[in-house]
Amino acid sequence: MKKSLLPPLIIKGKKIPVCIIQGGMGVGVSLDLLAGAVAREGGVGVISSAGLDRLVSEKIDRDVGQYEAVCIQIANAKTRGDYGFIGINIMFALQGDFKVSVRAAIDAKIDFIISGAGLPTNLPAIKPPGDTALIPIASSDRALKIICKKWETLGYQPDAVVLEG
């Protein structure tokens, strides 16, 4: 791993040596291989949860549900990333998979859950995050205020925030 020109980033007590968080890109782009490679270099590798059940089922040649697919991808990424930091991008808009993916990621001891594509106002209520950092994506100051206000009623504040736009 090369020395970074930027200072390390610290989120929920996790010191990220290279201040880079790879984006969780769409279906089939950000998977365990890419996330593990980024983590191995000192950044945060991010898996996209979109369509993982189908992608993992095809890869291992048996049907798996979203929960198992998320767990498999996280375990593979952590192994490939020499136990660097791994995150997962879970789109709120994919309601059928959202809660299942969050539970699986926390159970698999993911380092970071990044969530956008809508307002993930109930994210902290799905499962106590333990050591997992919860990072909402907001497209405006107004959206971030809505998220923070709701999370405050749940006894939680974002560990970090991605502002887009």
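From a predicted model like this one, the values you see are computed outputs, not experimental measurements.

(A) Quick look at the packing of helix α2 (residues 32–40) against helix α4 (residues 66–80). Look at α2 against α4: their axes get within 7 Å of each other, and the N-to-C directions meet at 35°. Our pair here, α2 against α4, has a crossing hand that is right-handed. Taking contact as the criterion, the partners of Asp32, Leu33, Ala35, Gly36 and Arg40 in α2 are, on α4, Gln73, Asn76, Ala77 and Arg80.

(B) Structural view of helix α3 (residues 52–60). Every buried residue of α3 is accounted for by Leu52, Leu55, Val56 and Ser57. Those residues of α3 that are buried lie in contact with α1 (26–29), β3 (44–48) and α4. Count one or two residues on from α3 and you reach aspartate 61, which has phi positive near 60°.

(C) Structural view of the sheet that holds strand β6 (residues 133–138). Taking strand neighbours across the sheet as the criterion, the five strands line up as β3-β4-β5-β6-β7 in an open arrangement whose pairing is parallel. Unpaired on one side and paired on the other, β3 and β7 (162–163) mark the two borders of the sheet. Direction of pairing for strand β4 (residues 85–91) relative to strand β5 (residues 112–116): parallel, over a ladder of five bridges. Looking at β5, one finds that glycine 87 is bridged to phenylalanine 112.

(D) Structural context of the packing of aromatic side chains. What the rule picks out here adds up to three aromatic pairs. Note on phenylalanine 92 and phenylalanine 98: the rings are 5.1 Å apart at their centroids and 80° apart in plane angle, and the pair reads as edge-to-face. Both residues of the pair, phenylalanine 92 and phenylalanine 98, count as buried. Here the basic side chain of lysine 14 rests over the ring of phenylalanine 112, its NZ or CZ set 6.0 Å away from the ring centre.

(E) Spatial organisation of unusual backbone geometry. Despite not being glycine, aspartate 61 has its phi angle at roughly 60°, a positive value. Along the chain, the position of aspartate 61 falls in the loop between α3 and α4. What makes aspartate 61 exposed here is its relative accessible area of 72%. Despite not being glycine, lysine 109 has its phi angle at roughly 65°, a positive value. Tracing the backbone shows lysine 109 in the loop between α5 (95–107) and β5.

(F) Focus on the pairing of β3. The element β3 is extensively covered by neighbouring structure, given that five of its five residues are classed as buried. Taking every second residue as pointing to the same face, both faces of β3 are buried, with Val44, Val46 and Ser48 on one and Gly45 and Ile47 on the other. As judged from the five bridges shared by β3 and β4, these two strands associate in the parallel manner. Residue pairing for β4: valine 46 is matched across the bridge by glycine 87.

Rules of the game
- Residues numbered from 1 in each chain as written.
- Predicted model: local features only at pLDDT ≥ 70, side-chain atom pairs only at ≥ 80, totals over all residues.
- Heavy atoms only, no water.
- Axes fitted to C-alpha atoms, helices over the stretch in contact; angles between N-to-C directions.
- Helix = DSSP H or I, 4+ residues; strand = E, 2+ residues; numbered from the N terminus.
- Left-handed = near helix turned anticlockwise from the far one by under 90°.
- Contact = heavy atoms within 4.5 Å.
- Buried < 20%, exposed > 50% of the residue type's maximum accessible area, 1.4 Å probe, protein only.
- Pairing = 2+ DSSP bridges.
- Phe/Tyr/Trp six-rings, centres within 6.5 Å; stacked < 30°, edge-to-face > 60°.
- Lys NZ or Arg CZ within 6 Å of the ring centre and 35° of its normal.

That is the geometry; function is a separate question.
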